[in-house]
Amino acid sequence: MMTSLEHPGYPQDGLLRLEEKLLCRESQVSLLLSLFGEPHQYSYPSIFIYGHTTTGKTYVMQTVLAELELPHALVSCVECFTSRMLFEHILNKLQSYVTSSEISQSLYISCDSFSDFVRLFKQLISHQDLKNQTVYIVLDKAEQLREMEANLLPGFLRLQEMTDANVTVIFLTEIVWEKLHPNMGCFEPLILYFPDYSKVELQKILSHDHPSEYSAEFYAAYINILLGVFYTVCRDLKELKHLAAINFAKFCEPVTKGEATESDTRKLWKNIEPHLKTAMQTVYLREISSSQWEKLQQEDREAGQLKGLSAYAHVELPYYSKFLLIAGYLASYNPARTDRRFFVKHHGKIKKTKFLKKHEKTNNHLLGPKPFPLDRLLAIFYSIVDSRIAPTANIFSQISSLVTLQLLTLVGHDDQLNGPKYKCAVSLDFIRAVARTVSFDLIRYLYDFL
Amino acid sequence: MTTESVSKGCFVFKPSTKKKKMTFTAADYFGEHVKDSKDSKVRFETYQTLWQQMKSEAEKIQEDLNRKVFDSLLEFIRKSHSNLLEKMDEWRHRMRATEIPAAALVLGVNVPDHAMTFQILSEQLRESVTPYVVSLEAKECQGVKHILQKVFGQLLGHSIRLEADDETDVQPHPAELRQKKMLCSLASLADWYTSVKRKTVSVMPGKKRSSPTAGHLQTPPVVIIFKDLESFHAKVLQDFIVICSQYVNQLPFTLIFGIATSSMTIHKTLPHSVSSLLCIELFQSVSCTEHLAAVIDKLVLTHSFPFRLNGKMLQVLITVFLYHDFSVRNFIKGLQLCIVEHFYSQPLSILCCSLDEAENRTKNLTHEKCEMIRQLPSFMRYVENQEPEKQVELLTSDTFLKKEIKTLLRHLHNYHENYIPVLRCLHALTTSLPKFPLGKQIRELHSACLERNVWESEEYTSAFQLLRMMAKDELVAALQKCCDVLKTSRVKQQADTLTKVEEFIDQLQKLDKIVEDETVAQKSLQKKTDLYQLQKTLLEMKDSRKSKKLSKFETLRLEVLDFIDSIVRMHLKPPEVMPLYEVVYFSGASTLRKHLNAAPRIALHTALNNPYYYLENEALKSEAGTISNSAPDICIAYKLHLECGRLINLCDWLEAFATVVAAASGVDPESDLVAGQVDETIHARFIRAVSELEFLGFVKPTKQKTDHVARLTWGGC
């Protein structure tokens, strides 16, 4: 087969290996290689690569740089959450390329600021081993740079200019350049887009690596079925690969039992299809874990027997906490002006339409919860609880424990003395279930349902 | 030196001449008001031994309850990584995404109990699975940085401890020294882990397996416990998990999420892209109501502890549990408070100990104690029912009284011994009834029995009506349960009951056979007859059933229930009818309620409204509703502010304040006010009072109106 990747600067076998490993990304790789030029040539100062998750950005960069043995430092900006960690990570990665004895291997470079980084970087680069090559710095998950110091992104964009060295910085991210764009005029990087894999490409990549016991065609047929089920909901290559791995044993079952041959596609399809559908509702959503799923397969049980995480939505609360939560919900979703109507006994007849201002006529459940002061919560609480209760510390501590459970949330400042405000953070279904347990007719008290 | 002051400033410390004048121990406080200090000491010691027993019992209960979920959790952690490493063939290993094993531990909303659970969990983990356990709390982890710092601190701190244990005298590993200076990043943690692993592997063959690390695996997982998942910032958690997943091949992480509400929280906090990095398994701990039932079963419904709660106290404790916090720990604390209070306030509680000990102590009772016993209402009632000569003896002779006390104490003891098994029997019979007339939980039945004669209650009669309609197999099953209860009780008197119940069961089962025989006979009859004859026989049978009012089974059933009723009447009397019950029953419900249901608002209101209540200064005594002008400034300001609306005009307030204060000092207030000038000291005092009120949260400055403050409380007077 003729190689489609050709570049004078790099050895032929390396390119061949690249081609083998990087399926369906030939055009991107060749574009990158032509951008890189030969090792000693200066490349473009900064390259910005974006595309969805698992479109092979990181993988392509990693493979290209490793296979062609180019000096590089690949860092994830999530992991290095401070600029200091980022600098030190890069410098120490590059240091490992320097093999000569003058700088001891174990010496850890520490670096605090960008100017230090530039100085140290220049020192390293000037070294014999790195002198005649382009050094690549790859910043993975570059969107995190937005949350770090403001000088980082412009600095890295112009690193070649500042260090006056043969260096290229590559940014990998899922967001477009415009969103990352700093306000000040800065160096415009070269923008590359990695498109999503198409279904055919996914099929090709997934069936590339088949288990040694089975033929490639058999596995390809399996992948075809798998994609047929999952392609509509998931295009994440990693996830698909994972799903393929954990469901393959089930697919092979008729073959290993001798009930069907490898070519008996219809039978195999009938066997696996419902199984994959349940997988979509359980494992894929992480309702049950992959290892539990595999155990289920081995024991040949139905997935219905194992309840997923969502099955345990029920929350038990102390009696008054339930009422406090209900009071919080009412306070969040009813306009304060309507409290009189709901909680005062002889309020007289108040018509809904005349009573309210225009903006209050919209459905409050569509607008979401509104903040309310503590006093209002307690006033509603006392009017919906039948028995008389003293405002003891127990009641107040229940409010704060509801806040720690994230059923209520504290809004704004957390100064407890100065009239704190809360919001109710539970759904209507949840609160209805709670109200049912204390036989409280919630709907009658909600303004939206009048 | 430190001060307790909130404000900053210069503080003078006098050199303390005597470091500690007197150190009070808890025992000394016990005898504070009582002359007889020896006695109080004995009481204190009795309390301590009793409480120690109960505490260890409570701990055992928790351990037992948690065992099941902990065992499975430990098993999960032990296997989580070995599974990943060993079981998979090469292809699968390559294809599968590397997931971080994670356990979602749902613990229920009783947050105060969780600390204990996590402590036990991490101890068990350290003992049997891995030395590397990190527990994180949300309030310490505001960012990824803090999490990493915590992880580093707890892991490296631990490794240093391990090294100190090993008697190898090498100086700290150079790599470790370097890491301390380094920033906390997972890369350096991974380095540390591999170096430690290498070291232990090299040490292992030389050492014997008896070292404490013997139970640990070759590659011990690094367990990170998130104690309160709900309170963690979603972003921080997501970032941390993403970072962990990059290192999971080098560092075998296992996460444990402590969840208070429901497992849905995981889906709420983590998006799919993050939760797909985890391999989550769910573990549900015992619900707190079950835990409480176990605690009540072992600590309250037992005669192994002499101390007992009366109905009201139990009600208070259970109310706090069910209505307020669901916390078993608080329940046990409340129980402890009851015991302390009982031994502290009841001098006769000296007899509240095991029967033998109590008899011993009875001998040494002083005359005053004897008098106290004579004063006890229950004892007086008892005396009244005695013959006149005995009455005189009891009231005059101490020795005779002591003898009587001994027998009465034994009676009381026997009463308790019988009470509990009979209570359980009754519960066993009535739990299967529809609508649970006598309560679903045994504690409800217990408190019903404590309060009055249970057989006089409506619920009891309705329960027995239902029991009278019970089918045979149900009745047999219920009786069988009673048998089991009675077998475990091992009380002499109950042995008779047991044999009786067993007889009943026997008879019922025999009845079974007889009935079967009859039906067989009927069947044989039916075969031969034609339709007409069948109708005739059926009619005959119907008639016979009417005339023969009760079948054998029905009579037997009545007999059984009458028997049960009789033992209930005999043994389930409320404790108040027993003489000397005050010795072991604690009945200060109001004290307990005051201690457990603290009411800060009410206390604050009382303090400000009626300063005499706390200060006990005669000058402050005043009639309700009036402002005593000698009261502290803040009280005057508070009372005046109660009369205002939501917004308070500061100027008016000051004038009213000045009037009240001036009346106290005897100066004619009009002379100042005419000039529109208020004395500067009064002004200053007023400002201080207002700022104190602001600090207490009664008023706050507002921008709605100039020179006004807003009231923050409603209601008032």
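Model, not experiment: these values are computed from the prediction. (Residues numbered from 1 in each chain as written. Chains lettered and ligands numbered in written order. Predicted model: local features only at pLDDT ≥ 70, side-chain atom pairs only at ≥ 80, totals over all residues. Heavy atoms only, no water.)

1. Looking at the sheet that holds strand β8 (residues 421-424) of chain A
Residue and element names in this part refer to chain A.
And step 1. If you walk across this open sheet you meet the three strands as β6-β8-β7, and the pairing is antiparallel. Only two strands of the sheet have a single partner each, and these edge strands are β6 (372-373) and β7 (408-411).
And step 2. Of the pairings in the sheet, the one linking β6 to β8 comprises two bridges and is antiparallel in character. Its bridge partner being in β8, F372 is matched across the sheet by Y422.
And step 3. Of the strands in this sheet, β6, β7 and β8 are in contact with helix α14 (residues 319-333), which crosses β8 at around 95°. (Pairing = 2+ DSSP bridges. Helix = DSSP H or I, 4+ residues; strand = E, 2+ residues; numbered from the N terminus. Contact = heavy atoms within 4.5 Å. Axes fitted to C-alpha atoms, helices over the stretch in contact; angles between N-to-C directions.)

2. Focus: the packing of aromatic side chains
And step 1. On inspection of all chains with the given rule, the structure shows 53 aromatic pairs over all chains.
And step 2. Ring plane angle 70° and centroid distance 5.9 Å describe the contact between Y132(B) and Y193(B), whose orientation is recorded as edge-to-face. With Y132(B) in the loop between α4 (111-128) and β2 (133-136) and Y193(B) in helix α7 (residues 186-203), this pair connects stretches of sequence that are 61 residues apart.
And step 3. Under the relative-accessibility criterion, Y132(B) is labelled buried at 4%.
And step 4. Between F379(B) and Y382(B), the ring centres sit 6.1 Å apart and the planes meet at 40°, which makes this aromatic pair tilted. Separated by three residues within a single helix, F379(B) and Y382(B) lie in helix α16 (residues 377-384), roughly one turn from each other.
And step 5. Judged by relative accessible area, which is 17%, Y382(B) ranks as buried.
And step 6. Connected via pairs of aromatic rings, a cluster forms that spans Y319(A), Y320(A), F323(A), F342(A), F343(A), F381(A), Y382(A), F440(A), Y445(A) and Y323(B).
And step 7. Directly above the aromatic system of F342(A) lies the positively charged group of R341(A), at a separation of 5.3 Å from the ring centroid. (Phe/Tyr/Trp six-rings, centres within 6.5 Å; stacked < 30°, edge-to-face > 60°. Buried < 20%, exposed > 50% of the residue type's maximum accessible area, 1.4 Å probe, protein only. Lys NZ or Arg CZ within 6 Å of the ring centre and 35° of its normal.)

3. Comments concerning the nonpolar core
And step 1. Judged by nonpolar contacts, the single largest core of 151 residues is most densely connected at L325(A), I326(A), F381(A), F440(A) and F379(B).
And step 2. A per-element tally of this core places helix α18 (residues 398-430) of chain B first, with 14 residues.
And step 3. Setting aside chain neighbours within four positions, we find F381(A) in contact with Y320(A), F323(A), L324(A), A327(A), I389(A) and I395(A).
And step 4. One finds L309(A), V106(B), L136(B) and A138(B) within the second-largest nonpolar core, a separate group that totals 49 residues. (Core = buried A, V, L, I, M, F, W, Y, C linked by side-chain atoms within 4.5 Å.)

4. Concerning the pattern of salt bridges
Side chains that differ in sign of charge can pair as their charged atoms come close.
And step 1. Enumeration according to the criterion identifies 29 salt bridges over all chains in this entry.
And step 2. Here D398(B) ties to R374(B) by a salt bridge, and the two come within 2.9 Å at their closest N and O atoms. Separated by 24 residues along the polypeptide, D398(B) in helix α18 and R374(B) in helix α15 (residues 367-375) bring together distant segments of the chain.
And step 3. The shortest N-O distance in the salt bridge between K390(B) and E404(B) comes to 3.5 Å. Of this pair, K390(B) sits in helix α17 (residues 388-396) while E404(B) sits in helix α18, and the two are 14 residues apart along the sequence.
And step 4. Residue K390(B) is classed as partly exposed on the basis of its relative accessible area of 26%.
And step 5. Under the relative-accessibility criterion, E404(B) is labelled buried at 10%.
And step 6. Put simply, D13(A), R17(A), K21(A) and E67(A) are held in one network by salt bridges that share partners. (Salt bridge = Lys/Arg side-chain N within 4 Å of Asp/Glu carboxyl O.)

5. As for helix α4 (residues 83-95) of chain A
And step 1. The first and last C-alpha atoms of α4(A) sit 18 Å apart over 13 residues, in line with the 18 Å expected at 1.5 Å per residue.
And step 2. Among the 13 residues of α4(A), eleven are classified as buried, and the element is accordingly described as predominantly covered. (Expected span 1.5 Å × (residues − 1).)

6. Thoughts on empty space enclosed by the protein
Residues and elements named next belong to chain B.
And step 1. Following the criterion strictly, the structure yields four cavities of 30 Å³ or more and no others.
And step 2. If you add up the space inside the largest cavity, you get close to 140 Å³.
And step 3. In this structure, the largest cavity is lined by Q62, L65, N66, L107, N110, D113, H114, T117, S285, V286, C288 and H291.
And step 4. Secondary-structure elements contributing two or more residues to the lining of the largest cavity are α2 (37-87), α4 and α11 (288-300).
And step 5. Taken together, the residues of the lining of the largest cavity sort by class into four nonpolar, seven polar and one charged. (1 Å grid on protein atoms, 1.4 Å probe; cavity = no way out; pocket = protein on both sides within 12 Å on 5 of 7 lines; lining within 4 Å. Points joined across faces, edges and corners; volume = space filled by probe spheres on them. Nonpolar A, V, L, I, M, F, W, Y, C, P; charged D, E, K, R; others polar.)

7. Things to note about the environment of P632(B)
Residues and elements named next belong to chain B.
And step 1. For P632, the position within the fold is in the loop between α27 (612-615) and α28 (633-642).
And step 2. The class of P632 is partly exposed, set by a relative accessible area of 31%.
And step 3. In this structure the C-alpha to C-alpha distance between P632 and A689, which are 57 residues apart in sequence, comes to 8.9 Å.
And step 4. Leaving out residues up to four positions away in the same chain, P632 has contacts with P611, L615 and L620.

8. Some points on the packing of helix α11 (residues 237-257) of chain A against helix α12 (residues 265-281) of chain A
The axes of two packed helices give the description: the angle between them and the distance between them.
Residue and element names in this part refer to chain A.
And step 1. Axis separation between α11 and α12 bottoms out at 9 Å; the angle between their running directions is 155°. Judged by the inter-axis angle, α11 sits roughly antiparallel to α12. Crossing hand, α11 versus α12: right-handed. Where α11 abuts α12, its residues N247, K250, F251, P254 and V255 lie against L268, N271, I272, H275, L276 and A279. (Parallel < 35°, antiparallel > 145°, perpendicular 65-115°, else oblique. Left-handed = near helix turned anticlockwise from the far one by under 90°.)

9. So, the environment of I109(A)
All names here are of chain A.
And step 1. By the secondary structure assignment, I109 is in the loop between α4 and α5 (114-125).
And step 2. Here the alpha-carbon distance between I109 and H89, two residues 20 residues apart in the chain, equals 9.0 Å.
And step 3. Aside from chain neighbours lying at most four places away, what touches I109 is E88, L91, N92, Q95, L120 and L124.

10. Regarding the interface of chain A and chain B
And step 1. With 63 residues of chain A at the interface, the matching set in chain B holds 64 residues.
And step 2. Approximately 5,500 Å² of surface area, both sides summed, lies buried where chain A meets chain B, with 61% of it carried by carbon and sulfur atoms.
And step 3. On inspection of chain A and its partner chain B, the count reaches zero salt bridges.
And step 4. When contributions to the side of chain A that touches chain B are tallied by element, the ones reaching two or more residues are α4, α11, α13 (290-299), α14, α18 (374-384) and α19 (393-404) of chain A.
And step 5. For the side of chain A that touches chain B, the element with the highest residue contribution is α11(A), accounting for seven residues. (Buried area = accessible area lost by both parts, 1.4 Å probe.)

11. Notes on the pairing of strand β10 (residues 708-711) of chain B
Residues and elements named next belong to chain B.
And step 1. As paired strands, strand β8 (residues 647-649) and β10 are joined by three bridges and run antiparallel to one another. The partner of L647 across the bridge, within β10, is A710.
And step 2. In the sheet, strand β9 (residues 699-701) pairs with β10 via three bridges, with the strands oriented antiparallel. Along β10, the bridge assignment pairs P701 with V709.

12. Some details on the confidence of the model for chain A
Interpretation of the predicted coordinates at a detailed level should be avoided for regions scoring low in pLDDT.
And step 1. Across chain A, the average pLDDT comes to 82, with 89% of residues at 70 or higher.
And step 2. Predicted confidence in chain A is weakest over helix α16 (residues 352-355) of chain A, with a mean pLDDT of 54, and strongest over α14(A), with 93. (pLDDT = per-residue confidence, 0-100.)

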